[in-house]
Amino acid sequence: DPAFGAKGDGTTNDRAAFQAAMDAAIEAGLPLVVPQPPQFYRIALDPNNERLLVHGDLAVVGEGRDTTTLRFTVQTTATGKKYAAFYVAGGVNFQLADLRLEEDLHQSVDQFEFAGVYFESSSRQSACLVEGVDVEGFTHCLYSPSSGTDAADGELFLAVRDCDLHPWWTFCIALWTVPGGHKRLHLYDSYLHDNQNGHLVYYQPHNSVHVENTRFDGASSWAFHFQGTEVAG
């Protein structure tokens, strides 16, 4: 909707327009359809605006990974904060499809971390799908910590299908979980490749993983790292 004001001209900061459109879609219970931009959507973050916040159930759908690009950057020299292109609040059901996420800063990893999609842990269950999406240049592409704003012992079911994940620095996918919690990853028809430091997929105990028809290439360490002793098989 032009009323939200996103330009997609590669110069205008479309962060506020995207957040307003996401808020409206969540309130209406409708998907947010992102059309092909004239150039690309430039989304600049800063210490006062650290993310696009997904605070309710939402689907964000582009016109195609070759035509709909969201290019993120962080405008600061400050350290100590963590940034995310999409920050999915705990317990929220989220779908991201048919677009490309880019990070063009490639900052020092000692300055701050920058996730493509950050899934907050919660005591509530949630289901999330990332499908037909390229994620390029972030510190981590898809990332979920163990702790959240509550007990964080609910289940996150994350399905990743037909994606190209290429982090600039560390993880394609990393999922941590508290005892009693559970994260379930189903990974299909995707390509995970060429990080600079760490593993392509990092997994802690209390989690389950299914991988099918997926290529792993160019890892600086392990393709998979399953850590912990509480493994059921």
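Look a little higher up for the structure.
The structure reproduced in this document is the subject of the present report. Just so it is clear, the structure is predicted and the values come from calculations on it, not from any experiment.

### Examining the packing of aromatic side chains
- Scanning the model with the defined rule gives 17 aromatic pairs in all.
- Here the aromatic rings of Phe 114 and Phe 138 are separated by 5.0 Å at their centres, their planes lie at 85°, and the arrangement is edge-to-face. Placement of Phe 114 in strand β8 (residues 113–119) and of Phe 138 in the loop between β9 (126–136) and β10 (140–144) is noted, with a sequence separation of 24 residues between them.
- What makes Phe 138 buried here is its relative accessible area of 0%.
- Three or more aromatic residues joined by ring pairs make a cluster, and in this case those are Phe 72, Tyr 83, Phe 86, Phe 94, Phe 112, Phe 114 and Phe 138.
- In this structure, Arg 51 is placed above the aromatic ring of Tyr 87, and the distance from its NZ or CZ to the ring centre is 4.2 Å.
- The cationic tip of Arg 71 hangs over the ring face of Phe 40; the distance from NZ or CZ to the ring centre is 3.9 Å.

### Thoughts on unusual backbone geometry
- Look at Asp 162: it is not a glycine, yet its phi comes out positive at around 55°.
- Relative to the elements of secondary structure, Asp 162 occurs in the loop between β11 (155–161) and β12 (164–166).
- Even without glycine at this site, Asn 213 takes up a positive phi of about 55°.
- Relative to the assigned elements, Asn 213 resides in the loop between β17 (207–212) and β18 (215–217).

### Description of helix α1 (residues 15–28)
- Relative to the 20 Å expected for 14 residues at 1.5 Å per residue, α1 spans 20 Å between its end C-alpha atoms, a close match to the ideal helical length.
- Those residues of α1 lying buried are Arg 15, Ala 17, Phe 18, Gln 19, Ala 21, Met 22, Ala 25 and Ile 26.
- The elements touched by buried residues of α1 are β1 (32–34), β2 (41–45), β3 (51–54), β4 (58–62), β5 (69–74) and β6 (82–88).
- Positioned one or two residues after α1, Gly 29 has a phi angle of 70°, which is positive.

Criteria and thresholds
- Residues numbered from 1 in each chain as written.
- Predicted model: local features only at pLDDT ≥ 70, side-chain atom pairs only at ≥ 80, totals over all residues.
- Heavy atoms only, no water.
- Phe/Tyr/Trp six-rings, centres within 6.5 Å; stacked < 30°, edge-to-face > 60°.
- Helix = DSSP H or I, 4+ residues; strand = E, 2+ residues; numbered from the N terminus.
- Buried < 20%, exposed > 50% of the residue type's maximum accessible area, 1.4 Å probe, protein only.
- Lys NZ or Arg CZ within 6 Å of the ring centre and 35° of its normal.
- Expected span 1.5 Å × (residues − 1).
- Contact = heavy atoms within 4.5 Å.

Fair warning: the whole summary comes from geometry, so function is off the table for now.
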